[in-house]
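The primary structure of each chain is shown beneath.
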Amino acid sequence: MEIKISGDTENSVKAEVLVLPFFEDHRADFYADMDEKTGGLIKRVFDSKAFSGKQGQTTLLYVNNMDAQSLLLVGLGKLSELSQDKLRRSGGKAFSALKDKGINYVTVATSILKTDGVVLDAHFRPAHYFVEGALLSQYRFTRYKTSTDDNNKDKDIKEVVVLASTDDVSVQWLEVVVNAVGFAKDLTNTPANDMTPTQLSEAALGLRSEDVTVKVLGLKDIEQEGMGSYLAVAKGSAEPPKFIILEYMKGTGEPVAIVGKSVTFDSGGLSLKPADGMEQMKYDMAGGAATLGVIKGAALYKLPVNIVAVLPATENMPGGKATRPGDIVKAITGKTIEILNTDAEGRLALADALGYVIKHYKPKEIIDMATLTGACSVAFGNEAIAMMGNNDDLMGRLKKASAETYERVWQMPLYEEYKEYLKSDTADIKNIGGREGGLMTSASFLKEFVGDTPWVHLDIAATAWNNKDKDYAPKGASGIGVRLLMHFLKMLVGVFIVMGCMLTPVFAADAKDLQQEMLQNPEILNIVMSLKNDQEFQNVLNDPEVMRAINANDIVALSANPKFIKLTEHPKVKEIERKLRK
C-alpha cells in the first residue's frame, strides 16, 4: 500500500472515496462548503441521528456532483477525550468499513485535526495516528485461502492519499512499522507444520543484509555451549532445535539485547495441555516473531543502534525422549534446575538464551518477550503486557514507549520472597513455584540468569493473540511488542538526533553525518549517553513541538524553538562542541 501526502483540500480533490473525520461534539457543518455540493446530504445524516461523530462510528455516502465518488464519515468521539489510540481506533474503523468493497484508492481529509481545541501531547501530530490505525487495520493472512473471493488482491486498498502537510504524517516511519508488524503477524499466524524451528531460522536468514548478520546454532553447537535447560524442552520433538542469533550493529558500544521466546508449538510436553484451545499454541513463538519484526524494522529505518537478538527456537512435544517431571538439568550458567512441570518450558529456553547473550555479548541491557504464563491472562485479560525487571530506568523508558504506542505495560513486583517459592530440595532452583504468584515467580526464575545486567521481562501471553477483530488489530496474531520496542529504540537514538540537529549549523551539512561522527567517538558517546539522565535535556527531548520538528527533519523549526535554543548553551553540549573542534 502506497502512502502519499497531498496539499489539496477536501473541496477540490478527486477521490474514489474521501474519508471525513468528525468530532462528536463538533458542529455538523464543518465541511459545509462540500456539503452544499451534495445538496445537504451530510447535514441530513446528522439531523436524522444516523451519524453523530461517536468514536469509531462510520457511514458511507454515495454522492453526485462532486469530484469524490463517495464520502466515508467517521467519528472521532468527543474532542475533550482525544488520544493517540482513539485516533488509531477511528482510522482502523474507517478503513475496516472499506474492506472487501473493491475500493483501491482512498483519500483522507485531516483539516478537522488542525482546528482550535485539538491538543495532543504526543510524539507525532494527530493525523499520523489516524493513518497508523488505518494501515494496521488492513492486515490480512490469506496464505492458505484457495478461494479467489477470500484471496482477492484486487479488493485491497492500493493507495492512500492524506490531505496534509509533510510534517503531519511521518510516512517513512509508518511504512517501516506497519511492514515490521505485518511480518511478525505472518510468522505467528503460520501453522506449526509450516513454522518449525528450521523454518523460523530460514525466516531469520531471510533478513540478512549488509546491516544484519544471522547465525544459527544446531544441536551439536547447542550441546557444546552447555545449554541443557533449552535442550530439555527440545528433547521430545522430532524437529531439531535452532538457536538463532541476529546482529544489527549500526551504533557503538554494547548492544541492546532482545530475547524472544520461540516455541513453535507447545503441547505442554509430558505435562500435556488440555485439547481445548491447543491449536492456538502455534503462537507460542510470538515473542520470537516480534523480535524478528523489530530487527527488520530497525534495519529498514537504519536506526543508529546496536542490537543483538536471540531466538531459542524449539517445539515442546511429548515424544519418547521427552523430559520427565522430576528431571534435573544444567543451564549454560552452571545452575541446576529441577523440572517439575514440562509445560513451564518457556522459562527453560529463555534461561539459556539470557545466559548465552550475556556470556557472548555483554549487553548494556536486555529485554525478553515471551508468551510465558496463563497467569498473565488471568491477571490482565487481553489488555496489558506484564512487565517485571531489575532496573527502574529501563522499565521507565519502556513505560514511555508504551504510553505512545498503546502496547500497554503494567509493572508487577519482583520481591525477594519469590525466590523462596522456587527453592528445590535437589537442585539449585525448580522451574515452577506453585499456583500462587505464578506470574511473578516465572520472572523471578529468569532473574536468576541475568545477574547484574539491566533486564526487563515482558510477558505477552495475554496480548499476543486476538480472539476477535479489534479496531485496528484483526483477529489472530497481534504482533504485540514490535511497535513498543521500535519506539523504545527510536527514543534511545532521539538524544543523538537532537544533538546532531543542535550542532549541525556549526559542524556539518547533514545532522545524520554528525550523529555518526558522535557515535564513533567514545568520549563524546559517554557525554551524550549521560544526557539521558539529565532532566533539563529530557524536558526538551519530550517536548511535543521539538519531537515533531525532529520527525520532520525540520532544523529551521528546531532552531526557532526557545527551549531548543536555550539547550544549545547546556554545559555538556559545549563540551561536545570542544571535543568535536579538536
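Placed above this text is the structure.
One structure accompanies this document, and this report is about it. It should be emphasised that the depicted structure is a prediction, and the values quoted were computed from it without experimental measurement.

## Section: the nonpolar core
Ranked by internal contacts, the top residues of the largest apolar core, which has 121 residues, are Leu18, Leu20, Leu71 and Leu246. The element contributing the most residues to this core is helix 5 (residues 171–189), with 10 residues. Each residue touching Leu18, except ones within four places of it in the same chain, is listed here: Glu10, Val13, Met34, Ala68, Ser70, Leu71, Leu72, Thr107, Ala109 and Leu163.

## Side note on the side chain of Glu365
Structurally, the position occupied by Glu365 is in strand 14 (residues 365–370). Residue Glu365 is classed as buried on the basis of its relative accessible area, which comes to 6%. There is a polar contact of 2.8 Å between the side chain of Glu365 and the side chain of Arg397. In this structure Glu365 touches Pro255, Val256, Ala257, Leu394, Arg397, Thr453, Pro454, Phe488 and Leu492, once residues within four positions along its chain are discounted.

## A few points about the pairing of strand 11 (residues 306–316)
Where burial is concerned, most of strand 11 is hidden: 11 out of the 11 residues are buried. Across the two faces of strand 11 the burial is the same, with Asn306, Val308, Val310, Pro312, Thr314 and Asn316 and Ile307, Ala309, Leu311, Ala313 and Glu315 all buried. Direction of pairing for strand 9 (residues 256–260) relative to strand 11: parallel, over a ladder of four bridges. Bridge assignment links Ile258 to a residue of strand 11, and that residue is Ala309.

## Considering the sheet that holds strand 6 (residues 159–163)
In space, the six strands of this open sheet follow the order 1-6-5-2-4-3, with mixed pairing throughout. Single-partner strands in this sheet number two, and they are strand 1 (2–6) and strand 3 (58–62). For this sheet the average axis-to-axis angle between neighbouring strands, irrespective of direction, equals 20°. In the packing of helix 3 (residues 84–96) onto the sheet, contacts are made with strand 2 (17–22), strand 3, strand 4 (70–75), strand 5 (105–109) and strand 6, and the angle to strand 4 comes to roughly 145°.

## Details of the environment of Met387
With respect to the element layout, Met387 can be found in strand 15 (residues 385–389). Classification of Met387 as buried rests on a relative accessible area of 0%. Each C-alpha atom, one on Met387 and one on Leu458, is 4.8 Å from the other, the two residues being 71 residues apart in sequence. Beyond its immediate chain neighbours, meaning those up to four positions away, Met387 contacts Met395, Leu398, Lys399, Val409, Trp410, Gln411, Met412, Val456, His457 and Leu458.

## Thoughts on the packing of helix 3 against helix 12 (residues 392–405)
For the pair helix 3 and helix 12, interaxial distance at closest approach is 7 Å and the crossing angle is 40°. Considering their axes alone, helix 3 and helix 12 lie oblique with respect to each other. Taking contact as the criterion, the partners of Gln84, Asp85 and Arg88 in helix 3 are, on helix 12, Ala403, Glu404 and Thr405. Counted by class, the contact of helix 3 with helix 12 contains one nonpolar, two polar and three charged residues.

## Thoughts on the packing of helix 4 (residues 126–136) against helix 5
One way to put it is that helix 4 packs onto helix 5 with a least axis distance of 10 Å and a crossing angle of 30°. Put simply, helix 4 runs roughly parallel to helix 5. Judged by the twist between their axes, the crossing of helix 4 over helix 5 is right-handed. Contacts between helix 4 and helix 5 involve His128, Val131, Glu132, Leu135 and Leu136 on the former and, on the latter, Trp173, Leu174, Val178, Val181 and Lys185. A breakdown of the residues in the contact of helix 4 with helix 5 according to their chemical character gives seven nonpolar, one polar and two charged.

## Here we look at the packing of aromatic side chains
Within the structure shown, the criterion is met by 14 aromatic pairs. Between Phe22 and Tyr31, the ring centres sit 4.9 Å apart and the planes meet at 80°, which makes this aromatic pair edge-to-face. When sorted by exposure, Phe22 lands in the same class as Tyr31, which is buried. Ring pairs connect the aromatic residues Phe22, Phe30, Tyr31, Phe46 and Phe51, which therefore count as one cluster. Here Lys490 stacks its cationic end above the ring of Trp173, 4.8 Å away from the centre of that ring.

About the cut-offs
Residues numbered from 1 in each chain as written. Predicted model: local features only at pLDDT ≥ 70, side-chain atom pairs only at ≥ 80, totals over all residues. Heavy atoms only, no water. Core = buried A, V, L, I, M, F, W, Y, C linked by side-chain atoms within 4.5 Å. Buried < 20%, exposed > 50% of the residue type's maximum accessible area, 1.4 Å probe, protein only. Helix = DSSP H or I, 4+ residues; strand = E, 2+ residues; numbered from the N terminus. Contact = heavy atoms within 4.5 Å. Polar contact = N/O pair within 3.5 Å; in protein donor to acceptor, adjacent residues only side chain to side chain. Pairing = 2+ DSSP bridges. Axes fitted to C-alpha atoms, helices over the stretch in contact; angles between N-to-C directions. Parallel < 35°, antiparallel > 145°, perpendicular 65-115°, else oblique. Nonpolar A, V, L, I, M, F, W, Y, C, P; charged D, E, K, R; others polar. Left-handed = near helix turned anticlockwise from the far one by under 90°. Phe/Tyr/Trp six-rings, centres within 6.5 Å; stacked < 30°, edge-to-face > 60°. Lys NZ or Arg CZ within 6 Å of the ring centre and 35° of its normal.

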